[in-house]
Amino acid sequence: MIDRDRVTAYISEIKVSLDNLKNYARLDRQSFLSSPVGIRDTKYCFIIAGQAAIDLCYYLTAKLLKKAPSDYGNCFELLSETGKFNEETLRCMANMAKFRNLLVHHYIKVDDERVYDKLNEIDCFEKFVQELEDIVKE
């Protein structure tokens, strides 16, 4: 059985970060790139939303599939086996998980322009949340 309160708490974290990301997405490139505080906040919101989505993914694969993913990207691939999520949404979320890893672990210096460009992909968080909310209602 899925713990609806737990899922709802993660959804809330994603939504709060998503609201902030939407605000930054409204900025033109130059305004965004000239705001070091905005850039840091955007990176942090990507990390928080990404981690909440990853935590949800691990929780749901364990509960619904009784499986443990090999890594964050694989988690979203496994989640497709539930048949409850759009494949495109899950692919986008797997990419967001990889982006979160770049931000957290600094594998490479993440160019601020890339962060701005990633704002064009935040709708997958919204789609993921909507699909999660549908599952919670079941």
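The structure reproduced in this document is the subject of the present report. (Residues numbered from 1 in each chain as written. Predicted model: local features only at pLDDT ≥ 70, side-chain atom pairs only at ≥ 80, totals over all residues. Heavy atoms only, no water.)

Section: the overall build of the protein
For the protein, the helix and strand inventory stands at seven helices and zero strands. Ordered by position in the sequence, the α and β elements of the protein form the string α-α-α-α-α-α-α. Compactness check: the protein gives a C-alpha radius of gyration of 15 Å against a globular reference of 14 Å for 138 residues, within 12% of the reference. Summarising its shape, the C-alpha atoms of the protein cover approximately 45 × 30 × 20 Å along the three principal directions. Residues classed as buried in the protein amount to 45% of the 138 residues present. (Helix = DSSP H or I, 4+ residues; strand = E, 2+ residues; numbered from the N terminus. Rg over C-alpha atoms; globule rule 2.2 N^0.38 Å. Buried < 20%, exposed > 50% of the residue type's maximum accessible area, 1.4 Å probe, protein only.)

Side note on the packing of helix H5 (residues 87–105) against helix H7 (residues 123–137)
It is at 9 Å that the axes of H5 and H7 come closest, and there the two elements cross at 120 degrees. If you check the angle between H5 and H7, you find them oblique. In terms of crossing hand, the pair formed by H5 and H7 is left-handed. Contact residues: H5 offers Thr-89, Leu-90, Cys-92, Met-93 and Met-96, while H7 offers Cys-124, Phe-125, Lys-127, Phe-128 and Glu-131. Of the residues that constitute the contact of H5 with H7, the class distribution is seven nonpolar, one polar and two charged. (Axes fitted to C-alpha atoms, helices over the stretch in contact; angles between N-to-C directions. Parallel < 35°, antiparallel > 145°, perpendicular 65-115°, else oblique. Left-handed = near helix turned anticlockwise from the far one by under 90°. Contact = heavy atoms within 4.5 Å. Nonpolar A, V, L, I, M, F, W, Y, C, P; charged D, E, K, R; others polar.)

Quick look at the packing of helix H1 (residues 4–25) against helix H3 (residues 36–65)
With their axes 9 Å apart at the nearest point, H1 and H3 run at an angle of 155 degrees to one another. It follows that H1 is roughly antiparallel to H3 by the angle criterion. Remark: the crossing between H1 and H3 carries left-handed chirality. Of H3, the residues touching H1 (which contributes Arg-6, Val-7, Tyr-10, Ile-11, Glu-13, Ile-14, Ser-17, Asn-20, Leu-21 and Tyr-24) are Gly-38, Asp-41, Thr-42, Cys-45, Phe-46, Ile-48, Ala-49, Ala-52, Ala-53, Asp-55, Leu-56 and Tyr-59.

Overview of the state of the cysteines
Going through the model one piece at a time under the given rule, you end up with two disulfides. In this model Cys-92 forms its disulfide with Cys-124; the gap between the sulfur atoms is 2.4 Å. Handedness of the Cys-92-Cys-124 disulfide follows from its S-S torsion of about -65 degrees: it is left-handed. Of this pair, Cys-92 sits in helix H5 while Cys-124 sits in helix H7, and the two are 32 residues apart along the sequence. For Cys-124, a relative accessible area of 3% puts it in the buried group. (Disulfide = S-S within 2.5 Å.)

Observations regarding the packing of aromatic side chains
Here the structure, examined in full by the defined rule, presents six aromatic pairs. An angle of 45 degrees between the planes, with centres 5.3 Å apart, marks the rings of Phe-32 and Tyr-116 as tilted. Placement of Phe-32 in helix H2 (residues 29–33) and of Tyr-116 in helix H6 (residues 112–118) is noted, with a sequence separation of 84 residues between them. On the basis of an interplanar angle of 70 degrees and a centroid distance of 5.8 Å, the ring pair of Phe-76 and Phe-128 is categorised as edge-to-face. Placement of Phe-76 in helix H4 (residues 72–79) and of Phe-128 in helix H7 is noted, with a sequence separation of 52 residues between them. We note that Phe-76, like Phe-128, is buried. Taken together, the aromatic side chains of Tyr-24, Phe-32 and Tyr-116 make up a single cluster linked through ring pairs. (Phe/Tyr/Trp six-rings, centres within 6.5 Å; stacked < 30°, edge-to-face > 60°.)

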